[in-house]
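# Close look at the chain arrangement
Spelled out, the chains give:
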Amino acid sequence: MKSEVVHARVQSNVKAESEKVLSVIGITLSQAIDLFLRQVILKKGLPFKLDSEEKEENDISKLAYLINTVDGKEPSSKAKKIINLYARGDIDLDTAKFALTKIYQQ
C-alpha cells in the first residue's frame, strides 16, 4: 500500500512533455516515478548511464590512439566514416573500435 508522498519541483514544460509521452505508453507521472525508484533499488544506483564531456573527450582520444597505433597514416575513407558515425553518436566506442580494427586488419 502506498503511503508516502514525494514532492519535487520541475520546470512546467518538462512536466507537461513528460506527461504527454507517458500517456502514450499508458502510465501516469506518479507511476513513472515509482518505476524509476524501483529501478534505483534493483540497480543499487541510477538505472541509466551518465556520461560526462570529459569521458567523451577521453573516448575520442582512445579512437585517435587506436588509429595511430594501427596505421599511423591518414585514416582511410572507411575509417573516417566510422569516426564520423561515432562523433554523431550513431555508434558507441566499442562498436567504433571493433569496426576500425576490422578495417585495419584487411
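Residue positions are given per chain, counting from 1 as you read along its sequence in written order. This being a predicted model, a pLDDT of at least 70 is required before a residue's local features are given, and a value of 80 or more before pairs of side-chain atoms are given or counted; all residues contribute to the totals for chains, interfaces and linings. Note: side-chain values were computed over all heavy atoms of the structure, leaving out hydrogens and water.

Attention now moves to the overall build of the chain. For helices the rule is a DSSP run of H or I covering at least 4 residues; for strands it is a run of E covering at least 2, with both sets numbered from the N terminus onward. In terms of regular secondary structure, the chain is built from five helices and zero strands. Listing every helix and strand of the chain by position from the N terminus yields α-α-α-α-α. Taking all 106 residues of the chain together, the buried fraction comes to 16%. In this analysis, two residues are considered to be in contact whenever any of their non-hydrogen atoms come within 4.5 Å of each other. For the chain, restricting intrachain contacts to residue pairs at least 6 apart in sequence, the fraction spanning at least 24 positions comes to 44%. Here's how the labels work: a residue is buried when its accessible area is under 20% of the maximum for its type, exposed when over 50%, partly exposed in between, all with a 1.4 Å probe on protein chains only.

Moving on: unusual backbone geometry. Here the phi dihedral of Lys-44 falls at roughly 60°; this positive angle occurs in a residue that is not glycine. Of note, Lys-44 is situated in the loop between α2 (29–43) and α3 (53–70).

This next bit is on the nonpolar core. We call a set of buried residues a nonpolar core when its members are Ala, Val, Leu, Ile, Met, Phe, Trp, Tyr or Cys and they connect through side-chain atoms within 4.5 Å of each other. Leu-63, Ala-79, Ile-82, Tyr-86, Ile-91, Leu-93, Ala-96, Ala-99, Leu-100, Ile-103 and Tyr-104 form the largest nonpolar core, which has 11 residues in total. Counting only elements with at least two residues in this core, the list comes to α4 (77–88) and α5 (93–105). Take this core: its biggest share by element is six residues, from α5.

This brings us to the confidence of the model for the chain. Looking at the chain as a whole, the pLDDT averages 80, with 77% of positions reaching at least 70. Here pLDDT means the predictor's own confidence in every residue, given as a number from 0 to 100. The lowest-confidence element of the chain is α3, averaging 64 in pLDDT; the highest-confidence one is helix α1 (residues 12–25), averaging 91.

Helix span is expected to be 1.5 Å times the residue number reduced by one. End to end, α1 covers 20 Å across 14 residues, agreeing with the expected 20 Å (1.5 Å per residue, within 8%). Positive phi shows up at Gly-26, right after α1, with a value of about 85°.

Moving on to the packing of α4 against α5. Each axis is a line fitted through C-alpha atoms, taken for helices only over the stretch in contact, and angles between the N-to-C directions span 0 to 180 degrees. Across the interface, α4 lies against α5 with an axial gap of 10 Å and an inter-helix angle of 180°. Judged by the angle between their axes, α4 and α5 are roughly antiparallel. Between α4, through Lys-78, Ala-79, Ile-82 and Tyr-86, and α5, the contact on the second element is made entirely by Leu-93, Ala-96, Ala-99, Leu-100, Ile-103 and Tyr-104. Class assignment of the residues belonging to the contact of α4 with α5 gives a composition of nine nonpolar, no polar and one charged. An angle below 35 degrees is treated as roughly parallel, one above 145 as roughly antiparallel, one from 65 to 115 as roughly perpendicular, and anything else as oblique. Under the convention adopted here, Pro, Cys and the residues Ala, Val, Leu, Ile, Met, Phe, Trp and Tyr are nonpolar, Asp, Glu, Lys and Arg are charged, and Gly plus all remaining residues are polar.

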